[in-house]
Amino acid sequence: MAVATRAPLIAGNWKMHGTLDDSAELVSMLKKVVARPKDAQMLLCPPFTYLMAVRKWLKESNILLGAQNLSHQPDLGAYTGEVHGSMLKDVGCSFVIIGHSERRQFYGETDDLVAQKFQVAQAAGLTPILCIGETLEQHEKGKTESVVVGQMLAVLKTVGVAAFSNAVIAYEPVWAIGTGRTATPGQAQKVHALIRATISKHDATISSALRILYGGSVKSDNAKVLLSMDDIDGGLVGGASLKAEEFAAIFQAALN
Ligand code: PGA
């Protein structure tokens, strides 16, 4: 979190969790934490079905709203079960998570599809949060750097570097997601620096303003040290974002 222009972003990915009542309670507690504008941003990404309700609860709050996924279709149409980016914008989303490892792993999302989603998200006026990260097997084989750079370049070649002036990247080592096993701050920083250097080869200005979040078992007790790393500009938080006190404490750790 070295550069002042990169306001820390703490994003909560609720995944497929919760009820309407749980969500109401969580939001009402978090609103108290972010009662005044802060030098960090909090973002909530609930399931689609709760977006409208969360938007209402967040009225006049400084907390931002985002979605966990969107359709890759550029136009509205007969696509049963899909949700278009313009619909997310319509219900108050400003961000959307793209290419989360769970989507890649369980729903067969490829780099090409992720790149298409990145483009349609921006076309709808949403800021994509592009998730990249290596699996445990890739990690153990020492392939972290080649996998992460490969995932980035696959999107970069389709969308172009200029698109990264309105995007966020989340580095999420798959072996750290929901496992309680976090990358060490040093390991994470090394990959974040590599991600920034990869963008910098194409455009140094865009790269220095780009926010790169770390995700994978971020908790209140490891947030501060992770966020103190030069190239870690926030967190994408799963499990701990469902507990108001935990998530509030992670957010506090991002404040100067
Ligand atoms: P976790 O999930 O914090 O539960 O590890 C992070 C994520 O999947 O975005």
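Look up a bit, the structure's there.
What counts, and where the lines are drawn
- Residues numbered from 1 in each chain as written.
- Predicted model: local features only at pLDDT ≥ 70, side-chain atom pairs only at ≥ 80, totals over all residues.
- Heavy atoms only, no water.
- Helix = DSSP H or I, 4+ residues; strand = E, 2+ residues; numbered from the N terminus.
- Rg over C-alpha atoms; globule rule 2.2 N^0.38 Å.
- Buried < 20%, exposed > 50% of the residue type's maximum accessible area, 1.4 Å probe, protein only.
- Core = buried A, V, L, I, M, F, W, Y, C linked by side-chain atoms within 4.5 Å.
- Contact = heavy atoms within 4.5 Å.
- Phe/Tyr/Trp six-rings, centres within 6.5 Å; stacked < 30°, edge-to-face > 60°.
- Lys NZ or Arg CZ within 6 Å of the ring centre and 35° of its normal.
- Expected span 1.5 Å × (residues − 1).
- Axes fitted to C-alpha atoms, helices over the stretch in contact; angles between N-to-C directions.
- Parallel < 35°, antiparallel > 145°, perpendicular 65-115°, else oblique.
- Left-handed = near helix turned anticlockwise from the far one by under 90°.
- Pairing = 2+ DSSP bridges.
- Near = heavy atom within 4 Å.
- Polar contact = N/O pair within 3.5 Å; in protein donor to acceptor, adjacent residues only side chain to side chain.
- Areas by Shrake-Rupley, 256 points an atom, 1.4 Å probe, with all protein chains shown as cover.

J.: Give me the lowdown on the overall build of the protein chain, citing residues and values where you can.
T.: The helix and strand tally for the protein chain stands at 11 helices and 8 strands. Its C-alpha radius of gyration of 17 Å places the protein chain within 12% of the 18 Å reference for a compact globule of 256 residues. Reported as C-alpha extents along the three principal axes, the dimensions of the protein chain are approximately 45 × 45 × 35 Å. Of all 256 residues assigned to the protein chain, the portion counted as buried reaches 52%.

J.: Got a sec to walk through the environment of Ile232? Specific residues and values, please.
T.: With respect to the secondary-structure elements, Ile232 resides in the loop between helix H10 (220-227) and strand E8 (234-237). Between the C-alpha atoms of Ile232 and Leu156, which are 76 residues apart in sequence, the distance is 20 Å.

J.: Go over the nonpolar core, please, and point to the residues and values.
T.: With 70 residues, the main nonpolar core has Leu44, Leu88, Phe164, Ile195 and Tyr214 as its most contacted residues. When residues in this core are grouped by element, the largest group, 7 residues, is from helix H11 (residues 244-254). Filtering out sequence-adjacent residues up to four positions away, Phe164 remains in contact with Phe118, Leu130, Val155, Leu156, Val159, Ile169, Ile199, Ile206 and Leu210. Within the second largest apolar cluster, 12 residues are counted, among which are Leu9, Leu43, Phe95 and Ile97.

J.: For the packing of aromatic side chains, give the residues involved together with the corresponding values.
T.: Evaluated as defined, the whole model comprises 2 aromatic pairs. Arranged with centres 5.2 Å apart and planes meeting at 45 degrees, the rings of Phe118 and Phe164 form a pair that is tilted. With Phe118 in helix H5 (residues 111-123) and Phe164 in the loop between helix H7 (144-159) and strand E6 (168-171), the pair connects residues that are 46 residues apart, well separated along the chain. Accessibility classification places Phe118 together with Phe164 in one group, the buried group. Lying across the ring of Tyr107, Arg103 places its NZ or CZ 4.3 Å from the centre.

J.: Got a sec to walk through helix H8 (residues 185-200)? Specific residues and values, please.
T.: In this model, H8 (16 residues) spans 22 Å end to end at C-alpha, consistent with the 22 Å of a helix rising 1.5 Å per residue. Within H8, burial applies to Ala188, Gln189, Val191, His192, Ile195, Arg196, Thr198 and Ile199. The inward-facing, buried residues of H8 contact strand E5 (127-132), H7, E6, helix H9 (204-209), strand E7 (211-215) and H10.

J.: Which residues make up unusual backbone geometry, and what are the values?
T.: A positive phi angle, near 60 degrees, is found at Glu60, a position not held by glycine. Relative to the helices and strands, Glu60 is located in the loop between helix H2 (51-57) and strand E3 (64-67). The phi torsion at Ser217 lies on the positive side, around 55 degrees, for a residue other than glycine. Relative to the assigned elements, Ser217 resides in the loop between E7 and H10. Overall, Ser217 belongs to the buried group, its relative accessible area being 10%.

J.: I'd like a description of the packing of helix H1 (residues 20-33) against H11, backed by residues and values.
T.: At a closest axis distance of 10 Å, the pairing of H1 and H11 adopts a crossing angle of 30 degrees. If you check the angle between H1 and H11, you find them roughly parallel. As for how H1 packs across H11, the hand of that crossing is right-handed. Judged by residue contacts, Leu26, Met29, Leu30 and Val33 of H1 engage Ala244, Phe247, Ala248, Phe251 and Gln252 from H11.

J.: I'd love a proper account of the sheet that holds E7, names of residues and values included.
T.: One closed barrel holds the 8 strands; their spatial order is E1-E2-E3-E4-E5-E6-E7-E8, and the pairing between them is parallel. Averaged over all pairs of adjacent strands, the angle between strand axes in this sheet comes to 25 degrees, irrespective of strand direction. Where H8 meets the sheet, it contacts E5, E6 and E7, and its direction lies at approximately 150 degrees from that of E7.

J.: I'd like to hear about the site of the ligand, residue by residue, with values.
T.: If you check the shell around the ligand, you find 13 residues, and the closest are Lys15, His100, Glu172, Gly178 and Ser217. Side-chain polar atom of His100 to an oxygen atom of the ligand: 2.7 Å apart, as the coordinates give it. Here an oxygen atom of the ligand and a backbone polar atom of Ser217 are 2.7 Å apart. Compared with its free state, where it exposes 280 Å², the ligand has 96% of that area covered by protein.

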